[in-house]
Amino acid sequence: MATWVAPNNNGWINYGSQQYQYGLNGDDVLAPESNSQSYILYGGSGDDELYGQSYDDDLYGGNNADYLVGDKGNDALYGGLGQDTFVFDTKLNKNTNVDYLGDFQSGSGGDVIELSKSIFKGAGGKNTFLKSSAFEEGSSATSSKTRILYNDNKGNLYFTKDGDGGNKVLFATLNPGTQLDNDDFYIIS
């Protein structure tokens, strides 16, 4: 079990295959190139970028505005303090690609969930926030326009490709009762 620790200042980029990677101070990028194991990545202080791989990874942003990409696998993502971004840009799978957002903070100055337009078809135009008509809370969608369905009692977040047609795919979980609304979601390419 190998470990990599960034030197104590400035920003560092590590593409190594060490299972444990720590960025300390500065704006670090931790992006393992090897896809052979689960990774545990700690950003530390600074605006860090953390990229998981195909296994079940744990990503901890730390302080400031961090950018977390779990990739494939059932990942645990913690942004920490600051306005963090959680990215969903890989093919959905309710069994093998559901990420847990452990500390998501909604609202103005809060965190953001980025959704890839190519994965979340019909969710909205590129570089826009999710329309209010495409977001719904509850256990099942009641509108054909719903694309993101959030069951706040369970903390389950679904993509509904056909709204109220019944096809929903779990892609993330949050702590039950976490507040969410359409402005927490941003559509990317």
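That block above? That's the structure.
My aim in this report is to walk through the structure given alongside it, one point at a time. Predicted model only: the values in this text are computed from it and were never measured.

1. Remarks on the nonpolar core
Part 1: Residues Phe88, Leu115, Phe120, Ile148, Leu157, Phe171 and Phe185 are the most contacted members of the largest nonpolar core, which totals 31 residues.
Part 2: Take this core: its biggest share by element is 3 residues, from strand S17 (residues 168–174).
Part 3: Apart from residues no more than four positions distant in its own chain, Phe171 is found in contact with Phe88, Leu92, Asn97, Val98, Asp99, Leu115, Phe120, Ile148, Leu157, Tyr158 and Phe159.

2. Brief notes about the sheet that holds strand S12 (residues 112–116)
Part 1: Strand order in the open sheet formed by 8 strands is S2-S4-S6-S8-S10-S12-S18-S13, with mixed pairing between adjacent strands. Unpaired on one side and paired on the other, strand S2 (13–14) and strand S13 (128–129) mark the two borders of the sheet.
Part 2: Pairing of strand S4 (residues 29–30) with strand S6 (residues 49–51), which is carried by 2 bridges, proceeds in the parallel orientation. From the neighbouring strand, Val29 faces S6, where its bridge partner is Glu49.

3. Overview of the packing of aromatic side chains
Part 1: Inspection of every chain in the model, using the stated rule, returns 11 aromatic pairs.
Part 2: Geometrically, the ring pair formed by Tyr60 and Tyr78 is stacked, given 5.0 Å between the ring centres and 5 degrees between the ring planes. In this pair, Tyr60 sits in strand S7 (residues 58–60) while Tyr78 sits in strand S9 (residues 76–78), placing the two residues 18 residues apart along the sequence.
Part 3: Seen in terms of ring centroids, Phe120 and Phe159 are 5.3 Å apart; in terms of plane orientation they differ by 85 degrees. Their pairing is edge-to-face. Placement of the pair is Phe120 in the loop between S12 and S13 and Phe159 in strand S16 (residues 156–160), with a sequence separation of 39 residues.
Part 4: Its relative accessible area of 6% is what places Phe159 among the buried residues.
Part 5: Within the aromatic cluster, the residues linked to one another by ring pairs are Tyr22, Tyr42, Tyr60, Tyr78 and Tyr100.
Part 6: Taking NZ or CZ as reference, Lys168 lies 4.5 Å from the ring centre of Tyr158, over its face.

4. A closer look at the pairing of S16
Part 1: Among the 5 residues of S16, 5 are classified as buried, and the element is accordingly described as predominantly covered.
Part 2: Neither face of S16 is exposed, since Asn156, Tyr158 and Thr160 on one face and Leu157 and Phe159 on the opposite face are all buried.
Part 3: The pairing of strand S15 (residues 148–151) with S16 spans 4 bridges and is classified as antiparallel. Note that in S16 the partner of Ile148 across the bridge is Phe159.
Part 4: The antiparallel pairing of S15 with S16 creates a hairpin that spans 4 residues between the two strands, and Gly155 there sits at a positive phi of about 80 degrees.
Part 5: One ladder, built from 5 bridges, connects S16 with S17; its direction is antiparallel.

Rules used in this analysis
- Throughout, residues of each chain are indexed from 1 in the direction in which the sequence is written.
- Per-residue local features are limited, in this predicted model, to residues with pLDDT of at least 70; the limit for side-chain atom pairs, both in listing and counting, is 80 or more; totals at the level of whole chains, interfaces and linings are taken over all residues.
- Values shown for side chains rest on all heavy atoms present in the structure; no hydrogens or waters enter the calculation.
- Only buried Ala, Val, Leu, Ile, Met, Phe, Trp, Tyr and Cys residues count toward a nonpolar core, and they belong to the same one when joined by side-chain atoms within 4.5 Å.
- Each residue is assigned to one of three classes by its accessible area relative to the maximum for its type, calculated with a 1.4 Å probe on protein chains only: buried under 20%, partly exposed between the two thresholds, exposed over 50%.
- A run of H or I in DSSP becomes a helix once it reaches four residues, and a run of E becomes a strand once it reaches two; helices and strands are each numbered from the N terminus.
- Only heavy atoms enter the contact rule, under which two residues are in contact if any of them lie within 4.5 Å.
- What makes two strands pair is DSSP finding at least two bridges between them.
- Paired rings are identified among Phe, Tyr and Trp, the last through its six-membered ring, by centres lying within 6.5 Å, and are further divided according to the angle between planes into stacked (under 30 degrees), edge-to-face (over 60) and tilted (the rest).
- Only when the NZ of Lys or the CZ of Arg is both within 6 Å of the ring centre and within 35 degrees of the ring normal is a charge said to sit over the ring.

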